[in-house]
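One letter stands for each residue in the lines below.
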Amino acid sequence: MAPHWEHFAHEADMGIRGIAPTLEQAFEQAALAMTAVITDPVGVMPSEAVPIHCTGTDNDFLFMDWINELVYAMAVRGLLFNRFQVSINDGELAATAFGEAVDRQRHQPAVEIKGATLTELHVYQQPDGQWIAQCVVDV
């Protein structure tokens, strides 16, 4: 199965999920799902690279930190991202997020994401080998 992302329903907020053959790709796909909550990722140009680093005591908390670091970078820098390169080694994540400044006319952002939550937070490998990384984001 090719890496992909999806949304899942959750009351007033939105669930994001990345599915992929590797843990790193699942994190990348979930980040893309997060962008898709805001705008169509296809309309975002990967013209600026932003380094992201975080650590977690386990994959669940590492994933939540990853999403929250992206939310922070988007808010502080006024960016949207559409491509990610993630490396994970012994609980440390080093990544680059590629995107551009928000253009309200062109991107037409639907919502602002406030952060990742503990709700539905789960990172695991399925019996078929696919990795799932998911949580609910506060919108």
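Quick look at the structure, then. Just so you know, the residues in each chain are numbered from 1, in the order the chain's sequence is written. Per-residue local features are limited, in this predicted model, to residues with pLDDT of at least 70; the limit for side-chain atom pairs, both in listing and counting, is 80 or more; totals at the level of whole chains, interfaces and linings are taken over all residues. Remark: hydrogens and water are excluded; side-chain values derive from all non-hydrogen atoms of the structure.

1. Here we look at the pairing of strand β8 (residues 131–138)
Our working definition: To sort residues, take the accessible area from a 1.4 Å probe on protein chains only and compare it with the maximum for the residue type: under 20% means buried, over 50% means exposed, and anything in between is partly exposed. Secondary structure elements are defined from DSSP: runs of H or I of at least 4 residues count as helices, runs of E of at least 2 residues count as strands, and each element is numbered from the N terminus. Being paired, for any two strands, means DSSP has found at least two bridges between them.
Counting buried residues along β8, seven of its eight residues qualify, which places the element largely inside the surrounding structure. Of the strand pairs in this sheet, strand β2 (residues 13–20) and β8 are connected by seven bridges, and their pairing is antiparallel. Within the sheet, the bridge partner assigned to Gly15 lies in β8 and is Val136. Bridge count for strand β6 (residues 115–116) against β8 is two bridges, and the pairing is antiparallel. Within the sheet, the bridge partner assigned to Gly115 lies in β8 and is Asp138. Here strand β7 (residues 122–125) runs beside β8; their pairing, made up of four bridges, is antiparallel. In the sheet register, Val123 faces β8, and the bridge partner there is Ala133. Between β7 and the antiparallel strand that follows it, β8, lie five residues; Gly129 among them carries a positive phi value of about 95°.

2. Focus: the layout of surface pockets
What counts here: Of the grid points, spaced at 1 Å and generated over the protein atoms alone, those admitting a 1.4 Å probe that cannot get out make up cavities, while open sets with protein on both sides within 12 Å along at least five of seven lines make up pockets; any residue with an atom within 4 Å of a point is treated as lining. Grid points are joined across faces, edges and corners, and a volume is the space filled by probe spheres set on the points. Under the grouping applied here, Gly and all other residues not named as nonpolar or charged are polar, the nonpolar ones being Ala, Val, Leu, Ile, Met, Phe, Trp, Tyr, Cys and Pro and the charged ones Asp, Glu, Lys and Arg.
Here the largest pocket defines a volume of roughly 290 Å³. Met74, Val102, Arg104, Val111 and Glu112 are, among the 14 residues lining the largest pocket, the residues nearest its centre. Residue assignment for the lining of the largest pocket shows that the elements contributing at least two residues are α2 (59–77) and β4 (79–89). Element by element, the count of residues in the lining of the largest pocket is highest for α2, at three residues. Residue composition of the lining of the largest pocket, grouped by class: 11 nonpolar, one polar and two charged.

3. Observations concerning the sheet that holds strand β5 (residues 92–101)
As a reminder of what qualifies: Each axis is a line fitted through C-alpha atoms, taken for helices only over the stretch in contact, and angles between the N-to-C directions span 0 to 180 degrees. Any two residues having at least one pair of non-hydrogen atoms within 4.5 Å are treated as being in contact.
Within the open sheet, the three strands sit side by side as β3-β5-β4. Their pairing is antiparallel. If you trace the sheet from one side to the other, it starts and ends with β3 (48–55) and β4, each paired once. Each adjacent strand pair in this sheet contributes to an overall mean axis angle of 20°, direction not counted. In this sheet, β5 lies alongside β4 in antiparallel orientation, the contact comprising 10 bridges. Counted as the bridge partner of Ser87 is Ala94 from β5. In this fold helix α1 (residues 23–38) packs onto β4 and β5, with an angle of close to 165° to the strand it touches most, β4.

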